[in-house]
Every structure is written in structure tokens, then in C-alpha cells.
Amino acid sequence: MKKLIQTLKNIWSIDDLKSKIIVTLSLIFVYRFGTYIVLPGIDPNKLSALSGAKNGALGLIDAFSGGAFSQASILALGIMPYISASIFMQLMTILIPQMQKVQKEGASGQKKINQWTRYLTVIVTFVQAYAYVTYLKGLGKDAIIDSFSAYFWLTTPIVLTAGTLFVMWLGEKITDKGLGNGTSLIIMVGILARLPRSIHDEWNAKFAEGTGGILKFVIECSVLVAIIMGLIILIQGVRKVPVNYAKQIVGNRQFGGARQFLPLKVNSAGVMPIIFAQAIMFLPTIFANFETTKGIAKVFSDPRDFVHMIIYAVIVIGFTFLYTALIFNPKQIAEDLKRNNGFIPGVKPGQPTADYIGAVMDKITLPGAFLLAVVGILPGFAQRLGITQGFSSFFGGTSLLIMVGVILDSLQQIETQLLMRQYDGLMKSGRIQGRQSSVSSAVI
């Protein structure tokens, strides 16, 4: 406890770090306040029909927006359109050579891509906003005030688009002047906002069981802590490939000759395979109203079904390899090593080095993909064991991955600030490592 108090004092004594923390908390408070402002023309007392948006893609949007989607808030779409646009632009920079050239232009190229992403966000938001209006007209039609219904189609998309752009602006301000990646923090805050209610509902459910219910709740919390610890290991796990740099003598000075390591992430794909898998599993549920596809749609929509778990796990494993292949370029790494006079001991520079790095990456991606699939299906197992749906979502899946990853990133930035001022870090043994994959960090 004494160590913790001293660390907090050290953090607060750094003016720059203190300012970033205050700015971050202030902007997050503004965002959370906005999630409770209901759309014009909506009666908030009649929104109970929207509480069913807890599964599939709608559940993912509601989780990322901190419940704003089911509350018909002006920030109902949250940051999701910006995430969709960012993912699309990142894939385009990988697949289209012209986009790759723009990206390699440095700061100016990144500025262009960011601007294109913003324009694409506006388009995506408008499309999703009109889909949300249709959704409200269906399930929440009783909540729409009759005198305002004539203007609802016009005003709602405009308000939702402005809300998403405002959230995007908040995220950029947090990134520039606050602590950590703004987009990631906004998503994490939305996820954490559901945690107190989920714990309360789980406590009431177990308390109602009578004898043994409280013990079950304690065991569930202990298992959740163990899962979080395992997930931290998965996120931070790396394979260190030794790299030597040739010595260079310029005048009387010697350069190079150092031995370093190339850290290869066990889970380079981050949370993207689970997001893609959830989107794919949601598609068959669109045809749930057809008699011939009701059984299939039920399997794909029920996370407790063993067939659902198997299909979900296979998709996650496949997308892990696919996304890792898209974002990880062994040939580029081999060229960079060769350009900087670096080499892997026992491996020739050039193509042999690229083949070696690719082979190592394939070996560590396989267990990483299986572990990621296990994390993805854990909420289904939790529900089968009697845990409420809201609380079970924190036992794995997208919510837990994002939450743990973003917290590690933020703690790493705080620790870096402390070490720069020659203070002790947050941990006695080793340093906290965030997600070194820039792609996963930017997306989530």
C-alpha cells in the first residue's frame, strides 16, 4: 500500500502527466454525459423495446457505445462508424499499391489517409443512421412522439452523424492532449460502463438462489480474475528472435556490434479476428424469419450451442492467420534488417531471413489463434454454467480483450513518463508492455 501511495504521488507530481490525466478524464466525462441525451422526438420512458439489442452485431454496437444504442442517444452509433472506416482504410493500404505509396510518404501521407478516413466515416455514419432510423421505426415506434414523426427521418441521421463526428473529435483530442489512444479509451469506457450493472444483476441472481449462491458468486469473480491474468499473458506474449548488428568503424569510433531481439507477438491480430467472427456469425440470423433457415439461424445466434462454439472457433482461427498475414510482412522486416546491417545468427540475409521469420511467426500464431478462439467462446461456456448474459460477456470475447489491452497501453504510457523522470515504475519486476501492434491499437 505504501508503494502504491508513493507511486500515485509521483504520478501527480509530474505536471505534464497530471495535465494529460485531467484532460482525459474530462473528455471521457463529456462523452458519458452525451450518451444519456436522447434523440429529438423520442420518449425515453418508452424505450424498453430496444433493450433486446444485446446479441450479434447490435450487441457489439451497444457494448462499444456504453448502452447508448439501446437508449436511443444522440451518440447511439458511438465510434463504430469510425472504426469501420479505419479498418477499411487499413485493408486498402495493404491491398492497393497506390495507397501503400501514400502511406510511405511519412507524416504527409498519414495525414491524407486520416482525412480520407474522416470522409468515409461521414458516409458510413449516414448509412448506419438511416438503418438505425428503420430499426427505431420497427421496435421503438411507440417511443417516437407522434407530432415529431414527420421530421424523424430527416433530423435523426443528421443528429447521429454529428454525434459520431463529435465522438471522433473527442477521441482525437484525447490522443493529442490526453493519455493513450482516444478511440480505444472511449470504447473501453463504454464497455466498463456496463460492468457495475452486470455485477449487480449477477449478485441478485445468485443471492436469490439462497444457500451456496454467494459462494458461487465469489468463485465466479475469482475465475474472472484468473481469465484476465491469462489474457494479459496472451496480449504481452512475444517470441524474441536474436538479431546481431555488424560492427562498423568510422575514424576512431565503432558503431554497431550490438545484440538485440526482434519481438514477434503471439497475438499480432489483436481483437480483429473476434470482431470479424462475430460479424460473420450474425449474418445467418438475418434470415431467421424464413421457415427453412430457422434452425440454422438459432445455432448461429446462440453462443451456448456447442455447434455455434465450434464454428465460431474455426472462424476466429482462420481470421487470425489471415489478418496476421495481411499486417505482418516478413520480407519488409528482412529488408530493414539488411539495410541496417542486421542479421539473425545462422541465417543468411535477404529471402532466407524472410522465410525464417515467416516460419517462426506461423509457429507462434497457431497457439495464439487457438487461445484467442478459447477466449472468444468463454462467454458461451459461462452462460451454460448459469452466469447471467451481461456478466458472462466479461469472461472473454471482444469486451475483455479490448478492456485488458487498452488498460495495458495506458499503464505503459504512465510508466514511461515515470521512468523518464527517474521514478520507479509501476511494477517491481519488469516493465509493463502494451500492444506493440500499431494496427490493433489504432483500430481499438
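Predicted model, so just to flag it, every value in this text is computed and none were measured. (Residues numbered from 1 in each chain as written. Predicted model: local features only at pLDDT ≥ 70, side-chain atom pairs only at ≥ 80, totals over all residues. Heavy atoms only, no water.)

Draft legend 1. Molecular detail of the overall build of the protein. A tally of helices and strands in the protein yields 18 helices and five strands. Scored against the burial criterion, the 444 residues of the protein give a buried share of 44%. Long-range pairs, those at least 24 residues apart, make up 69% of the contacts in the protein with a sequence separation of at least 6. Of the roughly 22900 Å² of accessible surface on the protein, 65% is carried by carbon and sulfur atoms. (Helix = DSSP H or I, 4+ residues; strand = E, 2+ residues; numbered from the N terminus. Buried < 20%, exposed > 50% of the residue type's maximum accessible area, 1.4 Å probe, protein only. Contact = heavy atoms within 4.5 Å. Areas by Shrake-Rupley, 256 points an atom, 1.4 Å probe, with all protein chains shown as cover.)

Draft legend 2. Seen up close, the pattern of salt bridges. Overall, the coordinates contain six salt bridges when judged by the stated rule. E172 is paired through a salt bridge with R118; the nearest N and O atoms lie 3.0 Å apart. On the criterion of sequence distance, the pair formed by E172 in helix α7 (residues 149-177) and R118 in helix α6 (residues 107-139) is long-range, its members being 54 residues apart. The partly exposed category is assigned to E172, whose relative accessible area is 24%. Residue classification places R118 among the partly exposed positions, given a relative accessible area of 26%. Between E202 and K206 there is a salt bridge, and its shortest N-O distance comes to 2.7 Å. Placement of both E202 and K206 in helix α9 (residues 195-208) is noted, with a separation of four residues, approximately one turn of the helix. Side by side, E202 and K206 carry an identical accessibility label, which is buried. If you follow the salt bridges from partner to partner, you end up with E202, K206 and E220 in one network. (Salt bridge = Lys/Arg side-chain N within 4 Å of Asp/Glu carboxyl O.)

Draft legend 3. Structural view of the nonpolar core. Formed by 75 residues in total, the largest nonpolar core has its most connected members in I42, Y132, L231 and L401. It is helix α13 (residues 306-327) that contributes the most residues to this core, eight residues altogether. Non-local contacts of L401, meaning those with residues more than four positions away in its chain, are made with L231, I235, V271, I274, L372 and V375. L337, I357, M361 and I364 belong to the second-largest nonpolar core, a separate cluster that totals 13 residues. (Core = buried A, V, L, I, M, F, W, Y, C linked by side-chain atoms within 4.5 Å.)

Draft legend 4. Structural view of the confidence of the model for the protein. Per-residue pLDDT for the protein has a mean of 81; in total, 85% of the residues score no lower than 70. Every residue in residues 436-444 is under pLDDT 50, and counting partners more than four places away or in other chains gives 30 contacts. (pLDDT = per-residue confidence, 0-100.)

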